[in-house]
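Report on the structure
What follows is each chain in one-letter form.
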Amino acid sequence: MGRTPKLKVVEDKNLDNPGYPRIVGELWTAKQRQLHSLHYAISYRGSFKPELPDFCIRRYSRKGDVVLDPFSGRGTTALQANLLGRVAWAADVNPLSVLITQAKLNPVGLDEVVLRLNEIDFRRPIDLEGYQELFSPFYHPDTFRELVNLKKFLERENDAVNNFIKLLALSRLHGHSPGFFSVYSFPQISIPPESQRLINLKRSQVPEYRSVAPRIIKKAAQSLRDGFTSNFFDIASANRTEVSDARKMDWIPSDSIDLIVTSPPFLDKVDYLADNWLEFWFSGISPKKLKKTCVMTPTLEDWQTFISGVLKESLRVLKKHSYAVIEVGEVEKNGKIILLDEEVAQAARDISLPGKRFVVEEVLINQQKFTKLANCFKVDNNSKGTNTNRLVVLKCVGKPGRKKS
Ligand SMILES: C[S@@+](CC[C@H](N)C(=O)[O-])C[C@H]1O[C@@H](n2cnc3c(N)ncnc32)[C@H](O)[C@@H]1O
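None of these values were measured; they are calculated from a predicted model.

**Things to note about the overall build of the chain**
The helix and strand inventory of the chain stands at 14 helices and 12 strands. The buried share of the chain, reckoned over its 405 residues, is 38%. In the chain, once contacts between residues fewer than 6 apart in sequence are set aside, the share between residues at least 24 apart is 74%.

And the structure:
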């Protein structure tokens with residue numbers, strides 16, 4: 001915790017002058033798992049490394065500031081904000097994300113996890129309806145029975161211990177090592193039962209019994225390893241988490257946020273609903289209700305409209321002279337590479353509110369060599385051997401505003 005990110009940057013002079021500084025460099029370490037152990041409690045589609053919010057929060061805010069992430073995902077910005085002594089406000093249209101974020105902001109002790117798990121009767125007989133069709137490719141029937149009993153127990157009360165156990169259980173639902181409840185499967189995506197059946201055939205595997213409680217306890221010990229300062233818990237009462245659409249955050253008063261660090265969905269690159277069906281089942285969330293708001297924009301025009309709405313709402317909630325850092329990437333659409341940072345910068349310059357507007361302060365491009373892990377998962381972001389995060393840094397200024405040189 002608290003390692004200062006290296007800042008080794010050069011201005012990119014090869015690119016056309018866009019009217020704002022564009023800086024390329026290795027802004028933080030390419031090494032994996034360098035920050036607080038709780039960040040790695042669960043994987044999430046499209047998540048960024050905690051080094052990204054760590055870098056931005058240190059660079060653009062001060063202790064005690066309110067840091068908002070309106071696309072919270074697995075709560076990376078929120079957790080890092082608290083670890084750095086900032087208040088975390090976080091939202092996502094997906095209740096699963098909000099559940100994860102809340103649990104991370106309210107960690108409990110390992111002893112509390114163990115004691116609570118001891119209260120559960122994992123062996124109670126259950127109704128096996130739906131097991132054969134949906135769950136049998138993933139779980140041994142005894143593992144499934146333990147999971148259903150855990151799910152029912154956790155549904156009874158929403159306290160911090162139950163929520164933290166829910167987070168840990170969600171993280172163990174499917175994956176490729178014996179630490180997961182499922183037979184060998186994908187860790188990042190919950191694949192459909194028919195795809196899992198094919199994997200089982202190919203690998204000649206049958207789900208064996210995997211007891212649930214010891215796996216949760218092991219994950220709890222790993223996630224809580226780095227510990228917390230008393231300051232971390234003092235800040236918690238000022239945190240806020242909400243299920244809400246980033247284009248309409250009525251729960252946030254105007255001019256109340258000191259910094260936004262966020263990453264919106266990139267066109268339709270990730271299907272957050274289909275890819276999480278096991279997580280939705282376990283946490284009792286109906287993905288159908290989210291279809292309209294969980295944004296999947298198939299065309300660039302739709303995405304531009306979406307991002308303009310997000311930026312306008314961000315401008316409303318930001319205090320003057322504060323920053324919004326919007327992380328995007330390059331996406332490939334119909335054989336063309338679209339640099340979404342340019343789209344964000346353009347959209348930001350086109351919007352304004354009475355007495356407020358954005359200026360593009362800088363665009364930071366974090367460029368790193370692929371790690372071995374990224375290569376083995378065939379990460380392809382259209383530029384050979386590198387992996388980039390493009391951070392559009394917007395400053396909220398009064399009208400007429402002047403850009404800092
Ligand atoms: C790229 S992910 C964010 C990942 C996050 N930075 C992390 O590290 O975990 C985008 C998130 O946007 C959420 N989302 C999609 N449409 C939304 C909307 N209209 N308003 C708020 N959140 C939305 C998705 O549920 C997803 O969690």
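What follows continues from the structure just given.
**Notes on the nonpolar core**
Counting 91 residues, the largest nonpolar core has Val67, Ile257, Val325, Val344, Val392 and Leu394 as its most contacted members. A domain-level breakdown of this core finds at least three residues from each of domain 1 (8-95 + 240-397) and domain 2 (110-223). Residue contacts for Val325: discarding those within four places in its chain leaves Cys56, Tyr60, Ile260, Val261, Leu391 and Val393.

**What about helix α3 (residues 95-105)?**
Within α3, 10 of the 11 residues are buried, which leaves the element mostly enclosed by the surrounding structure. Those residues of α3 lying buried are Leu96, Ser97, Val98, Leu99, Ile100, Thr101, Gln102, Ala103, Lys104 and Leu105. At its buried positions, α3 is contacted by α2 (76-83), β4 (87-92), α7 (160-171), β5 (240-243) and α11 (277-283).

**Describing the environment of Lys320**
Structurally, Lys320 is set in strand β7 (residues 318-328). Take Lys320: there are 12 C-beta atoms within 10 Å of it, and that puts it in the exposed class. If sequence neighbours within four positions are ignored, Lys320 has contacts with Lys356, Cys396, Val397 and Gly398.

**Quick look at the packing of helix α12 (residues 300-317) against helix α13 (residues 340-350)**
Contact geometry of α12 with α13 gives a least axis separation of 9 Å together with a crossing angle of 55°. In terms of their interaxial angle, α12 and α13 are classed as oblique. α12 and α13 meet at a crossing whose hand is right-handed. Across the interface between the two elements, Gln304, Ile307, Ser308 and Leu311 from α12 touch Glu343, Val344, Ala347, Ala348 and Asp350 from α13. In terms of residue class, the contact of α12 with α13 is built from 5 nonpolar, 2 polar and 2 charged.

**Concerning the packing of helix α1 (residues 51-60) against α2**
Helix-helix packing is characterised by the crossing angle of the two axes and by the distance between the axes. Running from N to C, α1 and α2 point in directions that differ by 50°, and their axes come no closer than 9 Å. What the angle tells us is that α1 and α2 run oblique. In terms of crossing hand, the pair formed by α1 and α2 is right-handed. In this structure, α1 uses Pro53, Asp54 and Ile57 to contact α2, whose residues at the interface are Thr76, Thr77, Gln80 and Ala81. In terms of residue class, the contact of α1 with α2 is built from 3 nonpolar, 3 polar and 1 charged.

Calculation criteria
- Residues numbered from 1 in each chain as written.
- Predicted model: local features only at pLDDT ≥ 70, side-chain atom pairs only at ≥ 80, totals over all residues.
- Helix = DSSP H or I, 4+ residues; strand = E, 2+ residues; numbered from the N terminus.
- Buried ≥ 20, exposed ≤ 12 C-beta atoms within 10 Å, placed from the backbone.
- Contact = placed C-beta atoms within 7 Å.
- Core = buried A, V, L, I, M, F, W, Y, C linked by C-beta atoms within 7 Å.
- Domains from an automatic or database assignment.
- Axes fitted to C-alpha atoms, helices over the stretch in contact; angles between N-to-C directions.
- Parallel < 35°, antiparallel > 145°, perpendicular 65-115°, else oblique.
- Left-handed = near helix turned anticlockwise from the far one by under 90°.
- Nonpolar A, V, L, I, M, F, W, Y, C, P; charged D, E, K, R; others polar.

So far we have only geometry, and geometry alone does not tell us how the molecule works.
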